[in-house]
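Residues per chain, in single letters:
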Amino acid sequence: MNTPQNNNTFAILEDDKGDLKQEFRKYLRQWPWFVLALIITLLSAYIYIRYAPRVYETVAKIKVLDESDGLELPTSAFIFKRSNINLENEIEILNSYIILEEVVKSLNLNTQFYEEGTIQTTQIAELPFYFEQNIESDSISKSSSYAIDVKEKSFEITLLNTDKTVVIPNHNSFEIDHEFPFQLKIDNTASFNEANGKRYIVVFQSLQQATLGLKSSILTQPIGDQSHLLSLTIKGESKLRSERILNTLIEVFNRDGIKDRQLVSQRTIDFIDDRFIFLASELDSIEVDRKVFKEDNNLVDLNSDAALGLQERSQSDKAVFEIESQIVVVDMLQDAIKSNLDGGLLPANIGLENGNTNSLIEEYNQAVLERDKLIRSGGENNPTVKFTESHIDDLRSNITKSLNSYQQQLQVSQSQLSNRNRKFVGRVSQIPEKEKLLRAIERQQMIKESLYLLLLQKREEAAINLAITEPSIKVVDYALSSSGPISPKPNVAYAAAILAGLLIPFAILYLIFMLDTKIHGKEDILKLNNKIPIIAEIPDINKKEKAVFADPNDRTVLAESFRILSSNVNYLLPVRDDEKGKVIYCTSTIKGEGKTFISINLSLALSSMNKKVLLIGADLRNPQIHTHTKFDKNTAGLSDYLHDASVDWKSTLIRGFQKHQSHHILLSGNIPPNPTSLLTNGRFKSLIEEAKDLYDYIIVDTAPTVLVTDTMLISQLADVTVYISRANFTEKKILNFSEDLFQSGKIKNMAYVINGVGASRSYGYGYNYGYGYGYGSKELA
């Protein structure tokens, strides 16, 4: 057995299901708008796919090489699986303005070509005929566009900025003078057949504009987290142009990296070349002095008895020579450091026999190269650049200190060797003074010659390093374009069109439904107030005839709806022992909801069942019953009776409908200045009491409740109050007023009647109860 809680849950689920069905029907009734929207969006998608420019994606892949690539010894980066390559820096360099500007200059990208079609204009890599640009890329300061029309026997060139046109005969601009910044020529049949009858557009841009445009169109990103590979992507209408751009970018970037690696070797070569000139001059001077000295003094070989002393002295001289050579190298490096005011590279590996100083020079040169690379990618004010420059200054200071220390050591050694050498001089005191001078000259000559040979060796080493510099990147894939266009995509376009075709009308309808504040059927009233019963829904079918029951035998759908209303009203009437007539009020909230229309047809429906019916027009402020009859609104009626005690209300009754003999109407009469006072003077109550004895039903058409208090003043006389609301007219918030009247007891035994149902089928409400089934020839098809 179901518990009450289960029953409530089931009822809630049923209500939700009903609401969903109702909402679905609201939108389903608008299917023509959905179909129309789908047709429009699908047609738009077809036009877009048909005429949109074809965009292709071009991709190239490169590997950034590390300086330690190829070393056999494992490095710390290898051991700990860290990369010495900063891919973010490499990406910034690839996308830097300097690199891309070089690409633009190489390919002349600030001159762009387009082929104009009937519908669209497509970018192309080059013109199908000979084109020669007369101006340099960096001399273009502002944008300009030229249209080239290829005619049967001539070119027509138009400056689009000014519409100035020049005709070039014979398809050869070299034959005439003109002021355009290019030359054109067609010299073969194939080019003419391809270009004949077409129009081409040549657009010149400034170098900066073209470079910035290229910078925004290239996407550079790493392939994976642990990879040294970079993917370069560009999208464009011309496959050839895109492939040229990426391949040239790879070439320029590689060349820039090689140049950075060659800087140390090139600087060493330049330094040694400068020293060669000085050393050659000194060697020539020493050799001339030696020759002159020997000729002037007739010097010969040393005596055999001085051989041993000379040998020892020679060894000492050799040691002195080595010390002096090192002192010279130190002096040269100190001079290089003093002259290197701009923070450039220092010569490396020039024969200095001090490992600490050589390591500092190598570290200094690496720091200078890193600083220059960071300046190109991030600018001089980059914090990393400032830090690197500080590091360079520290290294220069350390190198200077190291050289000074080493020089002091050499000087001490030189002093010691000099003292020892003086001892050897004493042993060979027999050697003539002139021979000693000759030895000094020869020693100087040997020093310069050995230094010259050392520098020559180092120059060759630097030249070899310069020639075999490894590339900075490895090309994994050269630029390769997609076989098909990435845009437009038919599947995506049609899917988006279908989605838009459904969502757009849905969104518009949803907005319309959301902003709608009127009732459209009983579902709306039940959501707002489910305590007051709804006894009938009157369809909005026949708008030509105001009184549908002119014929008591009417079998139309509208007539049947009023028969249902009359039947349901009888169920609401209280059961009494007496056989007096029943009083039924017809009222509404505001004017225009159809209470007079309902009052007349309800009274006629009851009269068609052979009942005596009296219809009273109690809306003394705005009477409308007379408009349904042939009588004038000033015909004597209720107001005359209430105002004048001598007037008998029975004498003012009329018959408005000839076929309803038991139907009488008491019109409102003349509009009084004080209807409230008249309705409360007691005569209206007497009229109702008398009418109960004469009629089966008294239908009272009262005034709207929200505008005046007339209806509430006489509401206690009613057995049933039929409260009319009109579909697509009555505001939902107005119904709250009727609920207040019911809850407060001001109007008793109230029931709703919804008039004009089906007037707006766009909200999913309709009136289709099958009225007319089996009612003969007058049934509504």
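Participant: Residue-level account of the overall build of the protein chain, with values.
Facilitator: Secondary structure assignment for the protein chain yields 21 helices and 19 strands. Counting the 781 residues in the protein chain, one finds 44% classified as buried. For the protein chain, long-range pairs separated by at least 24 residues make up 78% of all intrachain contacts whose partners lie at least 6 apart in sequence. By element, 52% of the accessible surface of the protein chain is carried by carbon and sulfur atoms, the whole surface being about 42100 Å².

Participant: Account for the pattern of salt bridges, naming residues and giving values.
Facilitator: Scanning the entire structure with this criterion turns up 13 salt bridges. Between Arg244 and Glu126 there is a salt bridge; the shortest N-O distance is 3.2 Å. With Arg244 in helix α8 (residues 239-297) and Glu126 in the loop between β3 (121-124) and β4 (130-133), the pair connects residues that are 118 residues apart, well separated along the chain. When its relative accessible area of 35% is taken as the criterion, Arg244 is described as partly exposed. A salt bridge links Asp393 to Arg396, with the nearest nitrogen and oxygen atoms 3.1 Å apart. Remark: Arg396 and Asp393 occur in helix α11 (residues 383-427); sequence separation between them is 3 residues, near one turn of the helix. When its relative accessible area of 42% is taken as the criterion, Asp393 is described as partly exposed.

Participant: Outline the packing of aromatic side chains, listing residues and values.
Facilitator: Scanning the model with the defined rule gives 14 aromatic pairs in all. Between the aromatic rings of Phe129 and Tyr200, the centroid separation amounts to 5.8 Å while the plane-to-plane angle is 80°, which identifies the pairing as edge-to-face. Of the two residues, Phe129 sits in the loop between β3 and β4 while Tyr200 sits in strand β9 (residues 199-204), which places them 71 residues apart along the sequence. Through pairs of rings, three or more aromatic residues link up here, namely Phe113, Phe131, Tyr146, Phe180, Phe182 and Phe204. Against the face of Tyr641 rests Arg683, its NZ or CZ located 4.1 Å from the ring centre.

Participant: Which residues make up the sheet that holds β9, and what values do they have?
Facilitator: Strand order in this open sheet of 6 strands is β3-β2-β9-β5-β6-β7, and the pairing throughout is antiparallel. Each edge of the sheet is formed by a strand with only one pairing partner; in this case those strands are β3 and β7 (164-169). For this sheet the average axis-to-axis angle between neighbouring strands, irrespective of direction, equals 25°.

Participant: Residue-level account of the pairing of strand β16 (residues 663-666), with values.
Facilitator: Residues His663 and Ile665 point to one face of β16 and His664 and Leu666 to the other, with burial holding for every one of them. Across 4 bridges, strand β15 (residues 613-617) lies against β16 in parallel orientation. When the sheet's bridge partners are listed, Ile616 is paired in β16 with Leu666. Considered for its hand, the β-α-β crossover made up of β15, helix α17 (residues 638-643) and β16 is left-handed.

Participant: Which residues make up unusual backbone geometry, and what values do they have?
Facilitator: A cis amide bond links Ser487 with the next residue in sequence, Pro488, at an omega value of 0°. Structurally, Pro488 is set in the loop between β12 (473-481) and α13 (490-515). Notably, Asn170 is not glycine yet its phi reads approximately 65°, a positive angle. Secondary-structure assignment places Asn170 in the loop between β7 and β8 (182-185). At Asn728, a residue that is not glycine, the phi angle is positive and equals roughly 65°. As for its position among the elements, Asn728 is in the loop between β18 (720-726) and α21 (735-744). Residue classification places Asn728 among the partly exposed positions, given a relative accessible area of 32%.

The rules behind these values
By convention here, each chain's residues receive numbers from 1 onward along its written sequence. With pLDDT at 70 or above as the cut-off, local features in this predicted model cover only qualifying residues; side-chain atom pairs require 80 or more to be listed or tallied, and sums for whole chains, interfaces and linings still use all residues. Side-chain metrics rest on all non-hydrogen atoms present in the structure, leaving aside hydrogens and water. The way it works is that DSSP assigns letters per residue, a run of H or I at least four long becomes a helix, a run of E at least two long becomes a strand, and they are numbered from the N terminus. The buried label goes to any residue with under 20% of its type's maximum accessible area, the exposed label to any with over 50%, and the partly exposed label to all in between, with areas taken from a 1.4 Å probe on protein chains only. What makes two residues a contact is simply this: any of their non-hydrogen atoms within 4.5 Å. Residue-level accessible areas treat just the shown protein chains as cover; the underlying method is Shrake-Rupley with a 1.4 Å probe. The working definition used for a salt bridge is a side-chain nitrogen of Lys or Arg within 4 Å of a carboxyl oxygen of Asp or Glu. In summary, the pairing rule links any two rings of Phe, Tyr or Trp, Trp by its six-membered ring, whose centres are within 6.5 Å, and it sorts them by plane angle into stacked for under 30 degrees, edge-to-face for over 60 and tilted for everything else. By definition here, charges over rings are those cases where NZ of Lys or CZ of Arg is within 6 Å of the ring centre and within 35 degrees of the ring normal. If DSSP finds at least two bridges between two strands, the strands pair. Lines fitted to C-alpha atoms define the axes here, with helix axes fitted over just the stretch in contact, and angles between the N-to-C directions of these axes take values from 0 to 180 degrees. By convention a crossover is right-handed if, when the strands point away from the viewer, the path from the first strand over the helix to the second runs clockwise.

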